[in-house]
Amino acid sequence: MIDSHDILQYLDSISGEKKLYPEDPHLRNRVETLEKLFDEKLGVAIRTWSYYYAIQKPLAIAIAWGINAPLIEKIKTAIALPKIPQLLQQFYNVTPETKDAALKKIREVFALVSQEINSGQQYLVGDCLSAADITFAALASPILRPQNHPVYSSQLSKMSPERVSVIEELRSTPAGKLATNLYEQHRL
């Protein structure tokens, strides 16, 4: 199965001078370590946290899943609409407790990233955009809702106060600022 790491590896192989994985073995190892952490911890936690709120509004899920989808997929989603919350709860074990545990993991990763870039670095590893930056920004986008994101709206007015509080908290961290800056500068 092809995953985001495979895609980033491929893009790196055809990118010419701008490499997503540094040639220096130490830096490359750091990029790959961070990328794996983001995939395995941050991505899973944000999915759980996001689905907890999404199942509260199943119509919003159907609309989001239907954006740019072929007509047949939109019809299938509309038919499945009544079952979507239950299926997401069961498949991803989404409960208030797992949402809270997920948020704890998200905060841990954001603290680690904030510590990594505490010295005012523009990127996580080295002095240019890497696979670690792209992975972090992409996986953090559902919770940060950056301005230039192609799918997630940065508007928070229709969200619960609890959710808005978390989004604003994470946006204000050095890690949150890194991800939102990456969207502004590189339009990921």
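Definitions and cut-offs
- Residues numbered from 1 in each chain as written.
- Predicted model: local features only at pLDDT ≥ 70, side-chain atom pairs only at ≥ 80, totals over all residues.
- Heavy atoms only, no water.
- Helix = DSSP H or I, 4+ residues; strand = E, 2+ residues; numbered from the N terminus.
- Rg over C-alpha atoms; globule rule 2.2 N^0.38 Å.
- Buried < 20%, exposed > 50% of the residue type's maximum accessible area, 1.4 Å probe, protein only.
- Polar contact = N/O pair within 3.5 Å; in protein donor to acceptor, adjacent residues only side chain to side chain.
- Arc of directions from axis to C-beta.
- Salt bridge = Lys/Arg side-chain N within 4 Å of Asp/Glu carboxyl O.

A look at the overall build of the protein chain
Step number 1: Per the secondary structure count, the protein chain includes nine helices and zero strands.
Step number 2: Scanning the protein chain from its N terminus toward the C terminus, one meets helices and strands in the order α-α-α-α-α-α-α-α-α.
Step number 3: Relative to its length of 188 residues, the protein chain is compact, with a C-alpha radius of gyration of 17 Å against a globular reference of 16 Å.
Step number 4: A burial count over the protein chain gives 39% of its 188 residues as buried.

Concerning the side chain of Ser114
Step number 1: Turning to its location among the elements, Ser114 is positioned in helix α6 (residues 96-116).
Step number 2: Polar side-chain contacts of Ser114 include one of 3.0 Å to the backbone nitrogen of Ala175.

Details of helix α5 (residues 84-92)
Step number 1: Here α5 has its buried residues at Ile84, Pro85 and Leu88. What you see down the axis of α5 is that its buried residues fit within an arc of 100°, all on one side.
Step number 2: Positive backbone phi, at 50°, marks Asn93, one or two positions downstream of α5.

As for the pattern of salt bridges
Where side chains of opposite charge bring their charged atoms close, a pairing between them can arise.
Step number 1: Taken as a whole and judged by the stated rule, the model has seven salt bridges.
Step number 2: In this structure, Lys99 and Asp100 form a salt bridge, with 3.0 Å as the shortest nitrogen-oxygen distance.
Step number 3: Take Asp100: its relative accessible area is 44%, and that puts it in the partly exposed class.
Step number 4: For Glu169, the salt bridge goes to Arg107, with nearest N and O atoms at 2.8 Å. With Glu169 in helix α8 (residues 161-171) and Arg107 in helix α6, this residue pair connects regions lying 62 residues apart in the sequence.
Step number 5: The class for Glu169 is partly exposed, based on a relative accessible area of 30%.
Step number 6: Through salt bridges with shared partners, a single network forms among Lys99, Asp100 and Glu162.

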